[in-house]
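# Observations on chain architecture
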Amino acid sequence: RAKDSGGNAHFVYEPALHAHAEERRQLEFSLRNALENNEFQLAFQPVVDADTEGVVSFEALLRWNSKEHGSVSPAKFIPLAEDTRLIVPIGEWVLQEACREAVKWPDHVRVAVNASGEQLLDPNFSASVVSALSQSGLSPHRLEIEVTESIFLRDASQAQAALEQVMALGCGIALDDFGTGYSSLGYLRKLRFSTIKVDRSFVQSAATGNIESLAIIRAVVAMADSLDMSTTAEGAETEKEVKLIRELGCRKIQGYFFGRPMPAQDAEALFRNPHYLAKQSAA
Ligand code: C2E
Ligand code: MG
Ligand code: MG
Ligand code: MG
């Protein structure tokens with residue numbers, strides 16, 4: 001590209017910046033039509049009980065296969081959806097779809113749905129949870145809403161109120177990516193989270209023998225236990241990591257070692273798999 005500029009200094013250093021803004025503009029344009037073009041899908045990743053290895057829940061993870069851009073990473077389009085507030089209608093779709101799938105699973109299996117701060121600040125958030133539950137017939141205790149600490153940065157009291165409404169319905173709430181953000185124990189005093197999800201970075205570094213990470217996971221598990229909250233270790237990829245997580249007393253494990261995010265049909269089929277059924281009855 002620098003060649004095209006023909007020695008014009010203006011173009012020598014600006015193309016990268018311009019290309020970035022242009023790509024973002026194009027992505028945003030496509031994102032605006034993605035819902036009505038049916039370009040979204042959910043992938044479901046299993047979460048297993050650390051002791052029995054039985055599936056206790058699935059986390060619903062949004063996938064965007066754009067006609068113009070192909071498969072776009074959530075790391076790219078979720079922030080864009082948040083900035084444009086498109087995450088509000090998209091998040092409603094995710095809730096509806098996740099609940100519609102979860103009713104097909106055995107009664108003890110729950111579904112976890114991620115919610116952004118923008119969604120919690122929307123006055124209709126709890127109404128959209130109610131509507132997803134009633135339209136699917138899913139029992140509220142089978143739905144868990146995952147949020148990160150970042151939701152407390154902007155309007156903490158509004159976010160807290162929204163989560164309290166959801167809890168009053170009987171749904172669980174989980175604190176996602178714990179330890180990566182602006183962790184303050186104050187949040188844990190304000191809201192009765194059902195689950196704390198220990199971020200993958202702690203799991204990874206603990207498995208390499210990092211003393212600090214080990215101590216932090218231990219402390220989080222002890223704290224969660226005494227507050228009657230469950231703990232999930234995120235991103236376990238190796239047997240070594242799984243073994244360590246068990247020793248540290250995390251109750252649930254999520255990660256590629258047990259299963260990658262999979263299409264809805266595969267999640268449902270898992271429960272008809274004889275190997276899975278054998279494991280469940282052994283547990
Ligand atoms: P998250 O909620 O922390 O989800 C877990 C992420 O870790 C997922 O990435 C999952 O694929 C990945 N993961 C799980 N196990 C492993 C592992 O063993 N190794 C590695 N390397 N990665 C693992 P994904 O699907 O790319 O999603 C990224 C983030 O995008 C999510 O992080 C969540 O914050 C956000 N997100 C995804 N779907 C939604 C949604 O429907 N709504 C909102 N608001 N955010 C969403
Ligand atoms: Mg999550
Ligand atoms: Mg997470
Ligand atoms: Mg994460």
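To start, this report covers the structure provided alongside it. (Residues numbered from 1 in each chain as written. Chains lettered and ligands numbered in written order. Predicted model: local features only at pLDDT ≥ 70, side-chain atom pairs only at ≥ 80, totals over all residues. Heavy atoms only, no water.)

### Remarks on empty space enclosed by the protein
- Per the counting criterion, the structure on display carries one cavity of 30 Å³ or more.
- In this model, the largest cavity occupies a volume close to 40 Å³.
- Taken together, Val88, Gly91, Glu92, Leu95, Gln119, Asp122, Phe125 and Ser128 make up the full set of residues lining the largest cavity.
- Of all elements in the fold, only helix H4 (87-102) and helix H6 (125-136) reach the threshold of two or more residues within the lining of the largest cavity.
- A per-element tally of the lining of the largest cavity places H4 first, with four residues.
- Looking at the lining of the largest cavity residue by residue, the class counts come to three nonpolar, three polar and two charged. (1 Å grid on protein atoms, 1.4 Å probe; cavity = no way out; pocket = protein on both sides within 12 Å on 5 of 7 lines; lining within 4 Å. Points joined across faces, edges and corners; volume = space filled by probe spheres on them. Helix = DSSP H or I, 4+ residues; strand = E, 2+ residues; numbered from the N terminus. Nonpolar A, V, L, I, M, F, W, Y, C, P; charged D, E, K, R; others polar.)

### Quick word on the nonpolar core
- The biggest cluster of nonpolar side chains holds 79 residues, and the ones touching the most others in it are Leu143 and Ile145.
- Among the elements that take part in this core, H4 stands out by supplying eight residues, more than any other.
- Setting aside residues up to four positions removed in sequence, leucine 143 forms contacts with Leu95, Cys99, Val111, Val113, Val129, Leu133, Leu138, Cys171 and Gly172. (Core = buried A, V, L, I, M, F, W, Y, C linked by side-chain atoms within 4.5 Å. Buried < 20%, exposed > 50% of the residue type's maximum accessible area, 1.4 Å probe, protein only. Contact = heavy atoms within 4.5 Å.)

### Quick word on the coordination of the magnesium ion (ligand 2)
- At this site the magnesium ion (ligand 2) is bound by Glu59 (OE), Asn114 (OD1), Glu146 (OE) and Asp176 (OD), with donor distances of 2.0 to 2.2 Å.
- In primary-sequence terms, the residues that donate to the magnesium ion (ligand 2) follow E-x54-N-x31-E-x29-D.
- The metal-metal distance between the magnesium ion (ligand 2) and the magnesium ion (ligand 3) comes to 3.9 Å, with aspartate 176 coordinating both. Note that glutamate 59 is positioned in strand E2 (residues 55-66) and glutamate 146 in strand E5 (residues 143-148), a separation of 87 residues in sequence.
- Overall, the relative accessible area of 3% leaves glutamate 146 in the buried class. (Donors = N, O, S within 2.8 Å, 3.2 Å for Na, K, Ca; no water.)

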